[in-house]
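Descriptive analysis of the structure
The primary structure of each chain is shown beneath.
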Amino acid sequence: MSEHADGFAGGGAHGPARTAPLTPLLESCTVLANDMLAPGVALLRLAAARIAGAVRPGQFVHLALPALEAHPLRRPLSVFCADAESGSIELVCQAVGEGTRHLLAAAPQTTIDCIGPVGRGWSPPPAARRVLLVGGGIGAAPLYLLARELTTRVAHDSRVASEVHLVLGAQSARALVCKEAFARLLAPDALHVTTDDGSEGVKGLTTEFADWLLAQQCFDYVATCGPAPMMAAIARLAAQNNVACEVSLERRMACGIGACLSCNVDMRDGVRRACVDGPVFDAQEVSW
Ligand SMILES: Cc1cc2nc3c(=O)[nH]c(=O)nc-3n(C[C@H](O)[C@H](O)[C@H](O)COP(=O)(O)OP(=O)(O)OC[C@H]3O[C@@H](n4cnc5c(N)ncnc54)[C@H](O)[C@@H]3O)c2cc1C
Ligand code: FES
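Residues numbered from 1 in each chain as written. Chains lettered and ligands numbered in written order. Predicted model: local features only at pLDDT ≥ 70, side-chain atom pairs only at ≥ 80, totals over all residues.

Let us now look at the overall build of the chain. When helices and strands are tallied, the chain shows six helices and 16 strands. A buried classification covers 45% of the 288 residues belonging to the chain. Taking all contacts inside the chain whose residues are at least 6 apart in sequence as the whole, residues at least 24 apart take part in 66%. (Helix = DSSP H or I, 4+ residues; strand = E, 2+ residues; numbered from the N terminus. Buried ≥ 20, exposed ≤ 12 C-beta atoms within 10 Å, placed from the backbone. Contact = placed C-beta atoms within 7 Å.)

What follows is about the site of ligand 1. The local shell around ligand 1 holds 20 residues, among which S78, Q94, G97, G99 and T100 are the closest. Secondary-structure elements contributing two or more residues to the shell around ligand 1 are β4 (75-78), β6 (88-94) and α2 (98-104). With four residues, the top contributor of residues to the shell around ligand 1 is β4. In the shell around ligand 1, the residues fall into ten nonpolar, five polar and five charged. When we break the shell around ligand 1 down by domain, the ones giving at least three residues each are domain 1 (12-118) and domain 2 (130-285). (Near = placed C-beta within 6 Å. Nonpolar A, V, L, I, M, F, W, Y, C, P; charged D, E, K, R; others polar. Domains from an automatic or database assignment.)

All right, on to helix α5 (residues 206-216) then. Along α5, the positions that sit buried rather than exposed are T206, T207, A210 and L214. Seen end-on, α5 carries its buried residues on one side only, within an arc spanning 90°. In α5, the exposed residues that point more than 90 degrees away from the buried face are A215 and Q216. Taken together, the buried residues of α5 touch β8 (130-136), β9 (163-170), β10 (191-195) and α6 (228-240). (Arc of directions from axis to C-beta.)

Let's shift gears to the packing of α5 against α6. In the contact formed by α5 and α6, the axes pass within 10 Å of each other and the chain directions differ by 15°. As summarised for this structure, α5 and α6 are arranged roughly parallel, according to the angle between their axes. Crossing hand, α5 versus α6: right-handed. Between α5 and α6, the residues in contact are T206, T207, A210, D211 and L214 and M230, A233, I234 and L237, respectively. Per-class residue counts for the contact of α5 with α6 are six nonpolar, two polar and one charged. (Axes fitted to C-alpha atoms, helices over the stretch in contact; angles between N-to-C directions. Parallel < 35°, antiparallel > 145°, perpendicular 65-115°, else oblique. Left-handed = near helix turned anticlockwise from the far one by under 90°.)

This paragraph deals with the pairing of β6. The buried count for β6 comes to six of seven residues, which makes it a mostly enclosed element. Sheet topology places strand β2 (residues 41-47) next to β6; seven bridges connect them, and they run antiparallel. Of the residues in β6, the one forming a bridge with R45 is E90. Bridge count between strand β5 (residues 81-83) and β6: three bridges; the pairing is antiparallel. Residue pairing for β6: D83 is matched across the bridge by S88. Linking β5 to β6, which pair antiparallel, is a turn of four residues; within it G87 sits at a positive phi near 70°. (Pairing = 2+ DSSP bridges.)

Written out as structure tokens, the structure is:
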């Protein structure tokens, strides 16, 4: 493959309008650190100067599995954090199968071949002043860069997003793996934690808390990522409250560059490819 992955810019059979505008890079990345956040979940920090400089909130990287010839297919992981200055990116990886287990075991100095940044990320309305993010489990990962961008904009321009709230949910306190990072970014009263078992925050589901919050306060934009039923419920709540909503959808991916159609998403007006037309979609356009 050439330095720039091919087949990315065209819309193909699925319509060009929402296809990601950027051409992803192929970059050989070095593992700088690989730290366990919780059982089966790690924070991988990679030296990836060009991807770090180009990534937008909500985009992902498509990683080759180092020294695992039995699995030639890449694995998609959202870019959790990026620092263009140091040229590094961070990924939160949950072990669910052989590929992700292998990534959790990657030692510092291992080289991982990445295509990225891939996909169409979040696009909050430019004038959105009050934003609600809803993250379920590991699904909070692609929301961090969005939260960082919105809160940074607040600091520089009072005309744009004035308040960013996050409902962060997980099964239990141990599974709230991204909480500390968000806590450093958001006002304490804007970080709402829920756990299914009540071991931290409010006992209950993210959807129940988001329902309550949307009834208490006005928001201009909702962004959500997590289990599919959670996102469908948040999309319904946003529609009921007349709030623009985007969702980040997960699909199994093969090529990651729009060519194989293995990542199809059913939309109200046809089919889209999660890898290049998404993974972020307008919630009201998805055929739930
Ligand atoms: C755009 C995108 C962003 C993602 N971001 C993250 C992230 O930040 N952190 C993270 O931990 N995971 C993320 N994932 C999911 C991750 O890609 C899969 O868990 C991984 O590819 C599984 O590979 P494996 O070899 O370990 O598992 P496999 O052995 O291939 O599969 C194990 C199990 O996981 C399911 N699975 C595999 N791939 C997917 C998928 N893409 N979507 C849903 N279920 C899947 C399989 O059906 C099976 O039940 C993301 C997926 C997408 C599409
Ligand atoms: S993964 Fe091949 S088209 Fe999306």
